[in-house]
Amino acid sequence: MTALAAFGEIIDASGAAPRIEAMLPAGVRPRQLSVRTLLAGMCLTQADHRPAHLTRVHRALTSLPEDEQRRLGVITDWKHGPHQLTYRQTERTFGLVTAALGKDAPGGLPPQPLQAACDSLLEASIPGQFKNTSTSLAVDWTDLDSFSRPPPARGGPCADPEAWWGHRKNNLLRSQDELFYGYYLSAAIMIRDEHGPAVPELARRATVSSPRHDPVRAFAPVLTAMPAAGISLGDIADDHEIP
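Computed from a predicted model, the values in this text were never measured in an experiment. (Residues numbered from 1 in each chain as written. Predicted model: local features only at pLDDT ≥ 70, side-chain atom pairs only at ≥ 80, totals over all residues. Heavy atoms only, no water.)

## Quick word on the overall build of the protein
For clarity, the threshold we go by: Only DSSP runs of H or I covering at least 4 residues are called helices, and only runs of E covering at least 2 are called strands; the numbering of each starts at the N terminus. Should any heavy atoms of two residues lie within 4.5 Å, those residues are considered in contact. What sets the accessible areas is the Shrake-Rupley method with a 1.4 Å probe; for residues, cover comes only from the shown protein chains. For the purpose of charge, His is not counted, nor are the chain termini; Lys and Arg are scored as positive and Asp and Glu as negative. By convention, charge coordinates are those of NZ in Lys, CZ in Arg, CG in Asp, or CD in Glu.
Looking only at helices and strands, the protein features eight helices and seven strands. Considering only contacts in the protein between residues 6 or more positions apart, those separated by 24 or more positions represent 62%. Accessible area for the protein stands at about 14800 Å²; split by element, carbon and sulfur atoms hold 56% of it. Across the protein, the centroid of the 24 positively charged side chains sits 9 Å from that of the 27 negatively charged ones.

This is the structure we're talking about:
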């Protein structure tokens, strides 16, 4: 199975694309780029270790074989012949999605629709044979730098108002932490239950939060929402080596 086919199965199983499409405004002229294809392009970009730039997403989609481009709507037949997706069209769909999943004012935590979409995509990536093999998770967080410069020392706006100053461990001989401007990325990884069979260490949940918020408190609602989604939650291992 190709990477594109695998990503397509995950996106379809998650149900995220049609839910997001339903949140977008309907225009007089149909959009060429669907949410499903946009998500596939984002997945292809990250799988190829490309920077998370929207131009790279457009390039990943327009670099596919022609038959795949037609199947995904990257190439469609217009009045005067075939038309390949432009970057401006990619930007428009992405802007509509971020507006629908975003919020009116920065708060340093993902809004519920965005977190729900991420949860469903990650859960759909877990192969069916492993979904009920273990209920235990290993949870930890790490630092994630923002692409933006920090706000000016004297105050004022910056390109990423959601980010903030946080502390992280350094690799130097001295013991004190160092400052960084960005986010905390928290993730929950599958581990085997005590006396249970081995399981692949797959990410089951993740979230990003501003250092203005304690990462443990920010991640707790993501975990406690799992039982309501029909996922049993067992032991939570935090900040120690798992045998």
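## As for the pairing of strand β1 (residues 75–78)
Applicable threshold: Strands are labelled as partners when DSSP assigns at least two bridges between them.
Alignment of β1 against strand β2 (residues 81–84), held across four bridges, turns out to be antiparallel. Note on β2: the bridge partner recorded for W78 is G81. Adjacent in sequence and paired antiparallel, β1 and β2 are bridged by two residues.

## Side note on the nonpolar core
Spelled out, the test is: In this text, buried Ala, Val, Leu, Ile, Met, Phe, Trp, Tyr and Cys residues form a nonpolar core when linked through side-chain atoms within 4.5 Å. Residue exposure (1.4 Å probe, protein chains only): buried if accessible area is under 20% of the type maximum, exposed if over 50%, otherwise partly exposed.
Grouped together as the largest cluster of nonpolar side chains are 24 residues, with contacts concentrated most on I20, V35, L61 and V97. Going through the elements one at a time, α1 (3–14), α2 (16–23), α3 (35–47), α4 (54–62) and α6 (87–101) are the ones with two or more residues in this core. It is α3 that provides the largest number of residues to this core, a total of five residues. If near-sequence neighbours (up to four positions away) are discounted, V97 is found in contact with I20, L24, V35 and L38. With eleven residues, the next largest nonpolar core counts I126, L137, M190 and F219 among its residues.

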